[in-house]
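Chain and residue survey
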Amino acid sequence: MPGQRVFLHSRTLPVRMVAPSLKLQDLIEEIRGAKTQAQEREVIQKECAHIRASFRDGDPVHRHRQLAKLLYVHMLGYPAHFGQMECLKLIASSRFTDKRVGYLGAMLLLDERHDAHLLITNSIKNDLSQGIQPVQGLALCTLSTMGSAEMCRDLAPEVEKLLLQPSPYVRKKAILTAVHMIRKVPELSSVFLPPCVHLLHERHHGILLGTITLITELCERSPAALKHFRKVVPQLVQILRTLVTTGYSTEHSISGVSDPFLQVQILRLLRILGRNHEESSETMNDLLAQVATNTDTSRNAGNAVLFETVLTIMDIHSAAGLRVLAVNILGRFLLNSDRNIRYVALTSLLRLVQSDHSAVQRHRPTVVDCLQETDASLSRRALELSLALVNSSNVRAMMQELQAFLESCPPDLRADCASGILLAAERFAPTKRWHIDTILHVLTTAGTHVRDDAVANLTQLIGGAQELHAYSVRRLYNALAEDISQQPLVQVAAWCIGEYGDLLLEGNCEEIEPLQVDEEEVLALLEKVLQSHMSLPATRGYALTALMKLSTRLQGDNNRIRQVVSIYRSCLDVELQQRAVEYDTLFRKYDHMRAAILEKMPLVERDGPQADEEAKQSKEAAQLSEAAPAPTESQASQLLDLLDLLDRASGDAQHPPPLDPSPGGALVYLLDLPCAPPPPAPIPDLKVFEREGVQLNLSFIRPPENPALLLITITATNSSEGDVTNFICQAAVPKSLQLQLQAPSGNTVPARGGLPITQLFRILNPNKVSFRSSPKARPRDSRSHGC
Amino acid sequence: MVNKQGQTRLSKYYEHVDINKRTLLETEVIKSCLSRSNEQCSFIEYKDFKLIYRQYAALFIVVGVNDTENEMAIYEFIHNFVEVLDEYFSRVVSLMIMFNLDKVHIILDEMVLNGCIVETNRARILAPLLILDKMSES
């Protein structure tokens, strides 16, 4: 017998392998006993080899044990695919222990990617229809975890039957299996939708929980289902109300809250049903208020329910009072000692700050306190929320808090904090001086973390505030004297000193204590910046230029400056070298121009996004206004052109008969070839010339296959008594168009309505440029019609 | 479930993850949980899910969920799970979990089906398992 053979064979192997098979617990012991990773691997590999052999030999008795060991090893990360077929065999066995391990193995080892998974479909089908309850439970569990689309389609009828069975143990699992099936095969929604309403009447919490999950899944997938289930809102409200108002029930109570998990699920479903729907939202309002006020908040379970309630209130069309209540609950959460609750409160408030700004404002002090959190994720949220809450009335107080935070905050938040402060300052600065002070403070505390355009913004700001030049330059000088390492600060300070050095040396400034600075100190400071190894090349550039500017601002002689400039002529940095050479040349050859060149800079045009927008808007407005009068004016000129049939030599007073604008307008616009691609409307024929019986008609054809082409046929008719001879029609077009004249049918227009002359013009408009044509008809003929 | 040394004691995936990716995922998750101090909150943002963890002596129980779940409810659920284990094993310790991994799987399967909570009542969860035990003894 195979088993005996194995046994005999194994007597010659090392002791460990003698036992027919290790129990799972023994294997775990061994693995635990392994001191190193390598040892563990060795143990496991040996055992796997043994397991493989056992599978090959097909020992049914111990198969489940082998598979259990294999699953354990699989959990540790070792490959276990050779156990897949064993799962099938175990599932097909009649022993419960076998089935148990088999189904677990199927859940862990098989999935859609392997073809083997379809093979268990039949076993599952049998188990679902004929097995005892625990077996049905196993089958449903596995099906809901790894069932592929084909399996789901095959087994849907069985699952549906189980939904209607009396036993709640199986029903609750069947319902959740249905959820999985719908995810895999959306068409099955129609199968599982009808039982839902009926299932809601059950009292068993497991069934209710499953049903609500199923309804949620159905509603999320299809708007039709959503509409259908809106009618159960009253019932859901009733269930929830019962849960909330019933007293302590031993069955499902957790920390004094009856079945918080069911409550949370119901609230979530109510949220989906009430979103964007007035009627449902109204039905829920009372209940939500009741839940919000009655839930015990001393323990986490109650807070979980409360949190879900708040989310639901914010998402549906709730009454204003209810929304304020929700925000207040969140505010209360912020004061809670449990960090987790503070975390969810901050996250939710962040979501709400746009829509319910004033309600959230009320909790500003608490939010600001949260800036002091030790947990980084909490303080980050507090920072975002605080920045969102800054407005013109609280800007000074908030900025103070935020700046204090900037000084002590962890490094990864510095950049965000700095840019947030600068942005808020820009939007809400009460005075320019405050704005400058704020930026200065940010630059000194977190200079390395500010964005690149902060320097440009600050210089622009200072430049524009003329009354504050003296103040700014003084403060910047003081800051620079203390610390030359923060590059943005150094750059701005250098620029300022260069521009307003004369104000610095004046000594008097009302807003700040008088400072006695003499020229040598200023120059020494700038030189220090130039020479410091901490200065970036850009900073050096600023400093050099500042020095140069000072040469015109300061009273003393410029020898020191000239010396520095000439040293830098041989600097290795190309940019600096170029500047130094230019400045040096300025000293030597163009000294007479130096003062003019180094004058104070004019205010730089603000290049920011706002300026662009304004420019765009004004451009658009200008275009629109241009477009409007243009047609009318061209219209008038067109009229004149068309009616200007004679050249001035004729002498006849040509008084253009007043054509009322609409047909005249029509006259003009008909000759407009629109450049946008609207469907080419047929242009009606046009009479362009009529005088003493001679009539000139234009007819237009635009061939559909070539919309850029226009074919104009000119027809000249003569209803007068005499022929018109030497009739020539000419046309001129602007350069963007191409004109091709074909030969006329003749050049004598016979009298008395005889055969008209026709001539074809082809006008090609490849660039679809809009143009207006003004045909000037000048009939020249030798007949005595006196034109 | 992971211990402080980073060894996985139990893992259950309701979304398919390749086996080689699993170990990497687990190591990263463990690292982020172990590096948290006592003063930090129990919710971590990891890639595009949220991790909710709770520490019981030397064992960390970590649950990964997507954005729509209520973190606090999951936090409560972890505790519920531990209480069920406690009742079954009469004062559970992590060694017991290790040696009775199959039973723990059964309990977990009674509570969570394909990522959805199905039963939270202790008696109802343990009933089938107790019947099974009786059957295997006899």
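As a reminder, the structure under discussion sits directly above these lines.
Let me sum up the structure you'll find in this document. These figures come from a predicted structure and were not determined experimentally.

1. Focus: the pattern of salt bridges
All names here are of chain A.
- Evaluation of the coordinates by the stated rule reveals 37 salt bridges over all chains.
- Between Lys69 and Glu47 there is a salt bridge, with its nearest N and O atoms 2.9 Å apart. Separated by 22 residues along the polypeptide, Lys69 in helix α4 (residues 63-75) and Glu47 in helix α3 (residues 37-57) bring together distant segments of the chain.
- For Glu47, a relative accessible area of 7% puts it in the buried group.
- One salt bridge connects Arg380 with Asp416, and the closest N-O pair in it is separated by 3.2 Å. With Arg380 in helix α23 (residues 376-389) and Asp416 in helix α25 (residues 411-428), this residue pair connects regions lying 36 residues apart in the sequence.
- For Asp416, a relative accessible area of 37% translates into the label partly exposed.

2. Structural notes on the sheet that holds strand β4 (residues 694-701) of chain A
Residues and elements named next belong to chain A.
- The five strands are arranged β3-β4-β5-β7-β6 in an open sheet whose pairing can be described as antiparallel. Every other strand in the sheet has two partners, leaving β3 (686-691) and β6 (738-741) as the edge strands with one partner each. On average, adjacent strands in this sheet sit at an angle of 20° to one another, irrespective of strand direction.
- Across eight bridges, the pairing between β4 and strand β5 (residues 709-718) is antiparallel. Its bridge partner being in β5, Phe700 is matched across the sheet by Ile712.

3. Brief notes about the nonpolar core
- Counting 249 residues, the largest nonpolar core has A:Phe229 and B:Ile107 as its most contacted members.
- Counting residues per element, this core draws most heavily on helix α2 (residues 71-89) of chain B, which supplies twelve residues.
- Apart from residues no more than four positions distant in its own chain, A:Phe229 is found in contact with A:Leu193, A:Cys196, A:Val197, A:Ile215, A:Leu218, A:Cys219 and A:Leu273.
- Among the nonpolar cores identified, the runner-up in size contains 15 residues, and A:Leu698, A:Ile712, A:Leu737 and A:Phe761 belong to it.

4. Quick look at the interface of chain A and chain B
- Residue-level contacts link 55 residues of chain A with 49 residues of chain B.
- Roughly 4900 Å² of surface becomes buried between chain A and chain B when both sides are summed, with 58% attributable to carbon and sulfur atoms.
- It is A:Met75, A:Phe261 and A:Asn340 that lose the most area in chain A upon contact with chain B, and together they represent 14% of the buried surface on that side.
- Counting across the chain A and chain B interface gives six salt bridges.
- Its salt-bridge partner being B:Arg36, residue A:Asp375 comes within 3.9 Å of it at the nearest N-O pair.
- Partitioned by chemical class, the residues of the side of chain A that touches chain B number 23 nonpolar, 17 polar and 15 charged.

5. Topic: unusual backbone geometry
Residues and elements named next belong to chain A.
- The phi dihedral of Asp259 falls on the positive side, at around 35°, and the residue is not glycine.
- By the element assignment, Asp259 lies in the loop between β2 (257-258) and α16 (260-274).
- The exposure class assigned to Asp259 is buried, which follows from its relative accessible area of 2%.

6. Section: a nonpolar patch on the surface
All names here are of chain A.
- The grouping of Tyr590, Met593 and Ile597 at the surface amounts to a nonpolar patch, some 270 Å² of accessible area in total.
- Within the secondary structure layout, Tyr590 lies in the loop between α33 (574-588) and α34 (591-597).
- On the basis of relative accessible area, Tyr590 is assigned to the partly exposed category, the value being 39%.

Quick notes on the rules
- Residues numbered from 1 in each chain as written.
- Chains lettered and ligands numbered in written order.
- Predicted model: local features only at pLDDT ≥ 70, side-chain atom pairs only at ≥ 80, totals over all residues.
- Heavy atoms only, no water.
- Salt bridge = Lys/Arg side-chain N within 4 Å of Asp/Glu carboxyl O.
- Helix = DSSP H or I, 4+ residues; strand = E, 2+ residues; numbered from the N terminus.
- Buried < 20%, exposed > 50% of the residue type's maximum accessible area, 1.4 Å probe, protein only.
- Pairing = 2+ DSSP bridges.
- Axes fitted to C-alpha atoms, helices over the stretch in contact; angles between N-to-C directions.
- Core = buried A, V, L, I, M, F, W, Y, C linked by side-chain atoms within 4.5 Å.
- Contact = heavy atoms within 4.5 Å.
- Buried area = accessible area lost by both parts, 1.4 Å probe.
- Nonpolar A, V, L, I, M, F, W, Y, C, P; charged D, E, K, R; others polar.
- Patch = residues over 30% accessible without salt bridge, like charges linked within 9 Å, V, L, I, M, F, W, Y side chains within 5 Å.
- Areas by Shrake-Rupley, 256 points an atom, 1.4 Å probe, with all protein chains shown as cover.

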